[in-house]
Amino acid sequence: MLQRVARELLSGLTVAVVALPLAIAFGISATGTPEGALVGLYGAIFAGFFAAVFGGTPGQVTGPTGPITVVATGVIAAHGLESAFVAFVMAGMFQILFGLTRLGSFIRFIPHPVVSGFMGGIALIIILGELDQAGKSFLIVAATIVVMLAAGRVIKSIPASLIALVLITAVLLPAGRWLEDVRIGPLPINTAIDYIGRIPEAVPAVHVPELGGSLIVSLILPALSIALLGSIDSLLTSVVMDNITGGRHRSNRELIGQGLGNIATGLFGGMASAGATVRSVVNIRNGGRGRLSAATHSVILLALVAGLGGVVQYIPLAVLSGILILTAVGMFDWDTMRKAHVSPKGDVLVLFVTMIVTVVVDLTVAVAAGVVLSLIVHGVWSRQRKASVIADGDAAYRIHGPLSFLSADTVFTALPTDGRNLSLNLESVSYLDMSGAKALLTFLDHSDRSGTEVSITEMPAHVEDKLVALATTAQQDKLKTS
């Protein structure tokens, strides 16, 4: 018991170190001012704590994320920071409503290509937003990225973003003025250095903004947009957590926890937040399995904020820009994009349409467009709506119908993984899309880790070709031995 508690606390400390530069960077990016550092930190502190305690995904870490930052930036620009805090509170109320009406269950029907395209679009928006800072301080941004890449390969115990933050800041303190005058031959290198500046050192207090009927009406759509996006972002992270741990999150409870977190962060002057994939994965991989580690990360950040202002003021904005750019690059689903040439053409179309609409139009519109296009593609290629599981005897099952995003979750939650050998017949699978293939491959991985040996007895050529094309090398070996 004591060992488990100690492991949770240490994991919370590690995640806090990872979250610190990201919260500062996302906060400044959303507000466009150095004071935004505190807004981002408060988001990680208050949303992170309440979502950890009341959410439905043990070990999930909540804080400012790329998708939320993109939407929050637009709300702050259009309505001002004080009104944005009201929108964050309203978004939290919407999320609680989503959870109470059990809308969280629909996350299982979002196709994999939509998720990949959505995250890729968000990554492009973040990178495009940092080009101005990269142009002003190219050397610093480039150095930050190089240090993070090198540190990530060599040093595993300390977050690469923190190493780059400390190292580049320490170098620039004595060398900053010299660097601004660096020239290559007759050409000067454009290296203007802007710093965060001092942020207030104080224990946060509840701030209840003045409310008016017209203000609330004007913020309904922005708040709904934040709520929808934050819900999708959080539940996608929950799915990632399930894939790693083999567990199963509670979607609707997670939405209620996220809603309480966003209400709290709005009242304390923090940024709207969502489940953060990178921080959550770091938590799991460092031994955090419960609510304690995620809540500890927020408590540690609160303790740091009380004495952080004097240190944070010396951090160059270009360093944060480099961290954001590399973080955005990591958001792309590179594995799926590398295999686009062997993936179902309809799914590839959905992926890139979702990505383009995310950048050009709107994030929530992009998700809706991607789902609708996926339904059209499914209708073109399959006359049946979804697959079903049929028992063929003791521990023997047959999947009948189209294994797609409409039925993959239902199919594989119906199959047992209790340590017994399992026989799976795929002869009657009439259609397989990217979501169905990913779900099947994930099921095989989880079964292997839980001690359940799955043998595939029959597999038509069109199913085998898609599975082999989309599988990793290790997964391909398992398919060949099934």
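Attention in this report is confined to the structure presented alongside it. Just so it is clear, the structure is predicted and the values come from calculations on it, not from any experiment. (Residues numbered from 1 in each chain as written. Predicted model: local features only at pLDDT ≥ 70, side-chain atom pairs only at ≥ 80, totals over all residues. Heavy atoms only, no water.)

1. Details of the packing of helix α9 (residues 213-245) against helix α17 (residues 363-381)
Closest axis-to-axis distance for the α9/α17 pair is 9 Å, and the angle between their directions is 55°. One finds that α9 runs oblique with respect to α17. By crossing handedness, the relation of α9 to α17 is classed as left-handed. For the pair formed by α9 and α17, the contact residues are Ser 225, Leu 228, Leu 229 and Ile 232 on the first element and Leu 363, Thr 364 and Val 367 on the second. For the contact of α9 with α17, the residue count by class is five nonpolar, two polar and no charged. (Axes fitted to C-alpha atoms, helices over the stretch in contact; angles between N-to-C directions. Helix = DSSP H or I, 4+ residues; strand = E, 2+ residues; numbered from the N terminus. Parallel < 35°, antiparallel > 145°, perpendicular 65-115°, else oblique. Left-handed = near helix turned anticlockwise from the far one by under 90°. Contact = heavy atoms within 4.5 Å. Nonpolar A, V, L, I, M, F, W, Y, C, P; charged D, E, K, R; others polar.)

2. Some words on the nonpolar core
Ranked by internal contacts, the top residues of the largest apolar core, which has 92 residues, are Ile 24, Phe 88, Ile 126, Ile 196, Ile 226 and Leu 320. Every residue in contact with Ile 126, bar those within four places of it in the chain, is listed here: Phe 26, Gly 66, Val 70, Leu 324, Ala 328 and Met 331. If you look at the next biggest cluster of nonpolar residues, it comprises 25 residues, including Met 434, Phe 443, Ile 456 and Ala 471. (Core = buried A, V, L, I, M, F, W, Y, C linked by side-chain atoms within 4.5 Å. Buried < 20%, exposed > 50% of the residue type's maximum accessible area, 1.4 Å probe, protein only.)

3. Focus on the pattern of salt bridges
For the structure on display, the rule yields two salt bridges. One salt bridge connects Arg 248 with Asp 409, and the closest N-O pair in it is separated by 3.2 Å. Here Arg 248 is found in the loop between α9 and α10 (251-267), whereas its partner Asp 409 is found in helix α18 (residues 408-413), with 161 residues between them in sequence. With a relative accessible area of 22%, Asp 409 lands in the partly exposed category. With a shortest N-O distance of 3.3 Å, Lys 438 and Asp 335 are connected by a salt bridge. Here the residue Lys 438 occupies a position in helix α19 (residues 434-449), and Asp 335 occupies one in helix α15 (residues 334-338), the gap between them amounting to 103 residues. Residue classification places Lys 438 among the buried positions, given a relative accessible area of 19%. The exposure class of Asp 335 is partly exposed, given its relative accessible area of 26%. (Salt bridge = Lys/Arg side-chain N within 4 Å of Asp/Glu carboxyl O.)

4. A look at the environment of Val 18
Among the secondary structure elements, Val 18 is positioned in helix α1 (residues 2-31). Between the C-alpha atom of Val 18 and that of Asn 283, which follows or precedes it by 265 residues, the distance is 9.8 Å. Filtering out sequence-adjacent residues up to four positions away, Val 18 remains in contact with Pro 159, Ser 161, Arg 279 and Val 282.

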